[in-house]
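Residue-level structural notes
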Amino acid sequence: MNLLPLARGDQDAPVRDWALCEYRNSGHPYEEPVHTTMLRHDRWKVVVYHGAPSTTRARSGELYDLEADPTELDNLWDDPAHARVRLELQELLLDVLVATEDRSQPREAYW
C-alpha cells in the first residue's frame, strides 16, 4: 500500500483497518523454530503461535481487548465468552495472509 497520499493529507487516500506482524524461524539453533503471526483489528489483537507441520511446538495464542486492557495483561484466548471474536479474527488473519503473500518468490517448506 502506498502511504504517500495519506502522508500528504489526502482525505480520500485508501487505508486498511488492520496491522499485520509475522515472526518466523526464531529461537535457539538447537530448538524447534517459533512461527508467530499477529493481527491488530479495531479494538482487538490476536497472536497465533503456529504448530505442526512447521514446528513441533504447541499451537496456541493470545487474544486481547485493547480497549478494555491496553496493557495486554488479560489473555482471552481460552475464554469461551470470546470464542466468536477469536474465530472471526483468525478468519480475518487467514484472509490477510493470503492477500499479502509474496507471490514473486518461490515457496519453500522445510518439512
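1. Topic: the environment of L20
By the element assignment, L20 lies in strand β1 (residues 18-26). Separated by 34 residues in sequence, L20 and S54 have C-alpha atoms that sit 20 Å apart. With residues near it in sequence (within four places) discarded, L20 still touches T37, M38, L93, V96, L97 and T100.

2. A few points about the packing of aromatic side chains
Summed over all chains, the structure comprises zero aromatic pairs. Here R16 stacks its cationic end above the ring of W18, 4.4 Å away from the centre of that ring. The ring of W77 carries R86 above its face, with NZ or CZ at 4.0 Å from the centroid.

3. A closer look at a nonpolar patch on the surface
A surface patch of nonpolar side chains, about 290 Å² in accessible area, is lined by L3, L6 and V15. By secondary structure assignment, the location of L3 is in the segment before α1 (4-7). Residue L3 is classed as exposed on the basis of its relative accessible area, which comes to 53%.

The rules we used
- Residues numbered from 1 in each chain as written.
- Predicted model: local features only at pLDDT ≥ 70, side-chain atom pairs only at ≥ 80, totals over all residues.
- Heavy atoms only, no water.
- Helix = DSSP H or I, 4+ residues; strand = E, 2+ residues; numbered from the N terminus.
- Contact = heavy atoms within 4.5 Å.
- Phe/Tyr/Trp six-rings, centres within 6.5 Å; stacked < 30°, edge-to-face > 60°.
- Lys NZ or Arg CZ within 6 Å of the ring centre and 35° of its normal.
- Patch = residues over 30% accessible without salt bridge, like charges linked within 9 Å, V, L, I, M, F, W, Y side chains within 5 Å.
- Areas by Shrake-Rupley, 256 points an atom, 1.4 Å probe, with all protein chains shown as cover.
- Salt bridge = Lys/Arg side-chain N within 4 Å of Asp/Glu carboxyl O.
- Buried < 20%, exposed > 50% of the residue type's maximum accessible area, 1.4 Å probe, protein only.

The analysis is restricted to geometry; functional conclusions fall outside its scope.
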